[in-house]
Amino acid sequence: MASKSCLEIAFIFGLVLVCTYADGKVFNVLSYGAKADGVTDNSKAFLKAWADACKWNGQAELLIPLGAYMVNVVNFIGPCEKSTLTFQIKGIIKAPRSQKLFCNSSWISFQYINSLKIKGGGTLDGQGSFTWGKHQCSSMTLGFNFVNNTVVRDIHSINSKNIHFKVFACENMTFSHVNITAPRDSPNTDGIHISHSTNIHVLDSYIGTGDDCIAMIVGSNNINISGVTCGPGHGISIGSLGNSPNEVVKDIHVKNCTLIATQNGLRIKTWASSNVGNITNITFEDIIMKKVRNPIFIDQHYCPIHHCSKQPSSVQIKDVTFNNIRGSSSSRRAVILDCSALFPCEKIILNDINLAYHGHHGHVIAFCAHAKGKATGKKLPPSCLKESLNSST
């Protein structure tokens with residue numbers, strides 16, 4: 001009997017421990033004085049709610065309920081060592097119309113945090129239409145700096161002043177079911193911009209902007225992109241690289257994506273005259289193109305400022321595979337491999353390329369310069385690659 005009582009007490013005590021450990025708390029910004037009127041600056045209320053959620057011992061949810069909340073610059077800074085954080089956006093968060101408050105920085109940033117979830121189906125409204133073409137500074141809607149083991153899902157970002165999501169020095173992040181939009185002619189409104197980060201996943205999302213849907217620049221490593229619909233915009237891009245010495249991008253996998261009426265499709269770009277660098281182990285596969293201007297594009301003479309040196313790029317591009325790329329090109333040159341005369345592209349594989357052109361300027365063609373590799377399977381347009389035995393794997 002005594003033994004049974006002890007077991008019952010132990011069982012009850014165990015339940016108490018479990019409930020205490022699993023106990024969570026919701027930190028509603030309305031409880032901290034936030035006003036959902038779309039006009040009042042709610043920065044202080046958001047930051048107070050974050051401070052309490054960050055130091056909570058257990059599961060913490062910072063809740064932004066339905067409604068419109070104007071917020072000036074807010075930096076959500078960790079580490080939140082005892083808390084498992086969820087940032088739940090149900091409403092609409094609106095940026096100030098002026099860009100002066102966060103010129104060359106982020107409107108909303110998360111820094112030095114391990115293990116974070118951002119979700120809720122809400123919207124980040126950058127109100128970029130009030131600044132496009134009027135200011136020379138760059139800014140981001142949402143910045144992630146030194147953030148690890150984080151999931152961002154079911155979030156909408158519209159009309160960023162410049163870049164929508166910027167990922168810097170992060171590890172193990174997943175973006176899924178995000179919806180990022182800005183007009184075709186909005187300047188520098190990259191969807192997701194990644195640098196110095198490892199093991200980043202972008203899955204099952206829609207991105208349509210005035211610049212790159214996804215840009216992977218220096219230090220991007222082990223990036224997986226799958227199930228993304230891109231358009232309008234400048235496509236899915238690696239680079240530009242070569243602005244500083246020893247810039248590297250490697251281990252990129254882009255799969256099962258659709259690009260619609262974009263300026264470029266799958267693009268790798270390096271500066272026309274550049275420092276030494278490397279782009280290696282890149283795979284693009286199972287991609288659908290719908291009236292894309294430059295579906296496959298390696299550009300080692302990139303120069304958007306129009307007065308670059310004519311010296312060849314010193315960035316080495318190698319081990320790049322384009323597999324099962326199909327659909328339509330809006331330009332006659334559906335494949336452009338314009339590589340460096342100093343460091344020719346090596347081990348370029350084109351397999352099952354089927355890109356039709358229905359314009360009035362002749363048959364679809366490919367253009368190659370200093371590109372070595374091998375073409376197999378379907379070849380539309382006909383391959384221009386300089387066949388190299390070193391391209392076999």
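Conventions we followed
- Residues numbered from 1 in each chain as written.
- Predicted model: local features only at pLDDT ≥ 70, side-chain atom pairs only at ≥ 80, totals over all residues.
- Heavy atoms only, no water.
- UniProt positions renumbered as here; feature names shortened; annotations may be inferred.
- Helix = DSSP H or I, 4+ residues; strand = E, 2+ residues; numbered from the N terminus.
- Buried < 20%, exposed > 50% of the residue type's maximum accessible area, 1.4 Å probe, protein only.
- Contact = heavy atoms within 4.5 Å.
- Areas by Shrake-Rupley, 256 points an atom, 1.4 Å probe, with all protein chains shown as cover.
- 1 Å grid on protein atoms, 1.4 Å probe; cavity = no way out; pocket = protein on both sides within 12 Å on 5 of 7 lines; lining within 4 Å.
- Points joined across faces, edges and corners; volume = space filled by probe spheres on them.
- Nonpolar A, V, L, I, M, F, W, Y, C, P; charged D, E, K, R; others polar.
- Salt bridge = Lys/Arg side-chain N within 4 Å of Asp/Glu carboxyl O.
- Disulfide = S-S within 2.5 Å.
- Core = buried A, V, L, I, M, F, W, Y, C linked by side-chain atoms within 4.5 Å.

An unreviewed UniProt entry lists the protein under the name Polygalacturonase, with Solanum pinnatisectum given as the organism. Of the comments in the UniProt record for the protein, the one headed Sequence similarities (unreviewed entry) reads "Belongs to the glycosyl hydrolase 28 family."

Turning our eyes to something else, we now look at the overall build of the protein. A tally of helices and strands in the protein yields two helices and 31 strands. Considered along the principal axes of its C-alpha atoms, the protein spans approximately 85 × 60 × 40 Å. The 393 residues of the protein split such that 51% are buried. Contacts spanning at least 24 positions in sequence make up 77% of the contacts within the protein whose residues lie at least 6 apart. A total of about 17500 Å² of accessible surface is found on the protein, and carbon and sulfur atoms cover 53% of it.

A word on empty space enclosed by the protein. Applying the stated criterion across every chain yields a total of two cavities of 30 Å³ or more. In this structure, the largest cavity spans a volume of roughly 70 Å³. Where the lining of the largest cavity is concerned, the elements lending two or more residues are β28 (345–357) and β30 (371–380). The leading source of residues in the lining of the largest cavity is β30, at four residues. Residues of the lining of the largest cavity, tallied by class, amount to eight nonpolar, three polar and two charged.

For the coordinates displayed, the defined rule picks out five salt bridges. The residue lysine 55 makes a salt bridge to aspartate 52 at a minimum N-O spacing of 3.5 Å. Of the two residues, lysine 55 and aspartate 52 are both situated in helix α2 (residues 43–55); the distance of three residues between them amounts to about one turn of the helix. Overall, the relative accessible area of 60% leaves lysine 55 in the exposed class.

Before going further, it helps to spend a moment on the state of the cysteines. With the rule as written, the count across this model stands at five disulfides. What pairs with cysteine 213 in a disulfide is cysteine 230, and their sulfur atoms sit 2.1 Å apart. With the S-S dihedral at roughly 85 degrees, the linkage between cysteine 213 and cysteine 230 falls on the right-handed side. A residue pair is termed long-range when its members are at least 10 positions apart, and cysteine 213 in the loop between β17 (206–208) and β18 (214–216) and cysteine 230 in strand β20 (residues 229–230) qualify at 17 residues. For cysteine 230, a relative accessible area of 1% puts it in the buried group. Here cysteine 368 connects covalently by a disulfide to cysteine 384, the sulfurs 1.9 Å from one another. Note on the cysteine 368 and cysteine 384 pair: the S-S dihedral is about 65 degrees, so by sign convention the disulfide is right-handed. Linking cysteine 368 in strand β29 (residues 365–369) with cysteine 384 in the loop between β30 and β31 (386–387), this pair joins segments that are 16 residues apart in sequence. Considering cysteine sulfurs only, cysteine 80 is the nearest to cysteine 170, which forms no disulfide, with 15 Å between them.

This part is about unusual backbone geometry. Omega for the bond connecting glycine 239 with serine 240 falls within 30 degrees of zero, at 15 degrees, which places this linkage in the cis form. When you line up the elements, serine 240 lands in strand β21 (residues 236–241). With an omega of 10 degrees, the peptide bond running from leucine 380 to proline 381 counts as cis. Within the secondary structure layout, proline 381 lies in the loop between β30 and β31. One non-glycine residue with positive phi stands out, namely asparagine 104, at about 60 degrees. Relative to the helices and strands, asparagine 104 resides in the loop between β7 (92–94) and β8 (106–119). On the basis of relative accessibility, which here comes to 57%, the residue asparagine 104 falls in the exposed class. Unlike most non-glycine residues, asparagine 222 shows phi in positive territory, near 60 degrees. By the secondary structure assignment, asparagine 222 is in strand β19 (residues 221–226). With relative accessibility at 37%, the residue asparagine 222 sits in the partly exposed group.

A word on the nonpolar core. Core analysis: the biggest nonpolar cluster contains 91 residues, and Phe110, Phe144 and Phe322 have the highest contact counts within it. Non-local contacts of phenylalanine 144, meaning those with residues more than four positions away in its chain, are made with Phe110, Ile118, Val152, Lys166, Val167, Phe168, Cys170, Met173 and Phe175.

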